[in-house]
Amino acid sequence: STNHENIVKLFDIVSPQVNLSMDYTKLNPICMIMDYVDHDMWGILQLAKECKLPIYSAIHVKWYMYQLLNALSYLHKNMIMHRDLKTSNILVSNTHVIKLTDFGLARKLKYGDDMHYTNNVMTLWYRPPELLLGETHYDTKADIWSAGCIFGELLTGTPIFPTHSNNEQ
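The shown structure was predicted, so the numbers you read here are calculated from the model rather than taken from an experiment.

Student: In this structure, what is going on with the sheet that holds strand β6 (residues 98–100)? I would like to understand it.
Tutor: One key point about sheets: their strands pair by backbone hydrogen bonds, in either a parallel or an antiparallel sense. Strand order in the open sheet made by the three strands is β3-β5-β6, with antiparallel pairing throughout. Bordering the open sheet on either side are β3 (39–40) and β6, each of which pairs with just one other strand. Bridge analysis of strand β5 (residues 90–92) against β6 gives three bridges, and the strand direction is antiparallel. Among the inter-strand pairings, Val-92 is bridged to a residue of β6, identified as Ile-98. Sitting on the sheet, helix α2 (residues 58–77) touches β5 and β6, and the angle it makes with β6 is about 35°.

Student: What is the right way to look at a nonpolar patch on the surface in this model?
Tutor: Taken together, Leu-10, Ile-13, Ile-30, Met-32 and Met-34 make up a surface patch of nonpolar side chains, about 460 Å² in accessible area. Elements with a minimum of two residues in the nonpolar patch: β1 (10–14) and β2 (31–34). Within the element layout of this structure, Leu-10 appears in strand β1.

Thresholds, definitions, all that
- Residues numbered from 1 in each chain as written.
- Predicted model: local features only at pLDDT ≥ 70, side-chain atom pairs only at ≥ 80, totals over all residues.
- Heavy atoms only, no water.
- Pairing = 2+ DSSP bridges.
- Helix = DSSP H or I, 4+ residues; strand = E, 2+ residues; numbered from the N terminus.
- Contact = heavy atoms within 4.5 Å.
- Axes fitted to C-alpha atoms, helices over the stretch in contact; angles between N-to-C directions.
- Patch = residues over 30% accessible without salt bridge, like charges linked within 9 Å, V, L, I, M, F, W, Y side chains within 5 Å.
- Areas by Shrake-Rupley, 256 points an atom, 1.4 Å probe, with all protein chains shown as cover.
- Salt bridge = Lys/Arg side-chain N within 4 Å of Asp/Glu carboxyl O.

Shown next as structure tokens:
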């Protein structure tokens, strides 16, 4: 469990009651009760593009990157790799507070010979070169690469490596 101002807070998980006669091939999904945040960064960037509005100002970019790196520092100090940083996993409030979300690919950081993970993580546009080349021995630097891609996207208004395959990437 995390407790940081730039990480979405999970309040509760609600699941259906177990019924022994239930057909388990048709299980109801669980519901996660989390902070409400008004927007996601990807949606804001897309809306700005569609409406031909200017992208974020330098002050906004600095503020968002400060918060993102602050959240990553917290995760990494607590031995957690996010492994799926992208603009759609960054929620943005109306007061410009960001919160990281979607920890489905997050893993506890390992050390030494135990540091092997799958390399088929992270959305392609944000995946570091070593993972694209098959590396399975990696650490928090993979999240930092993704943060750099997000930084470029905030500056330009568009993903900096928008490809459709590993080979293209």
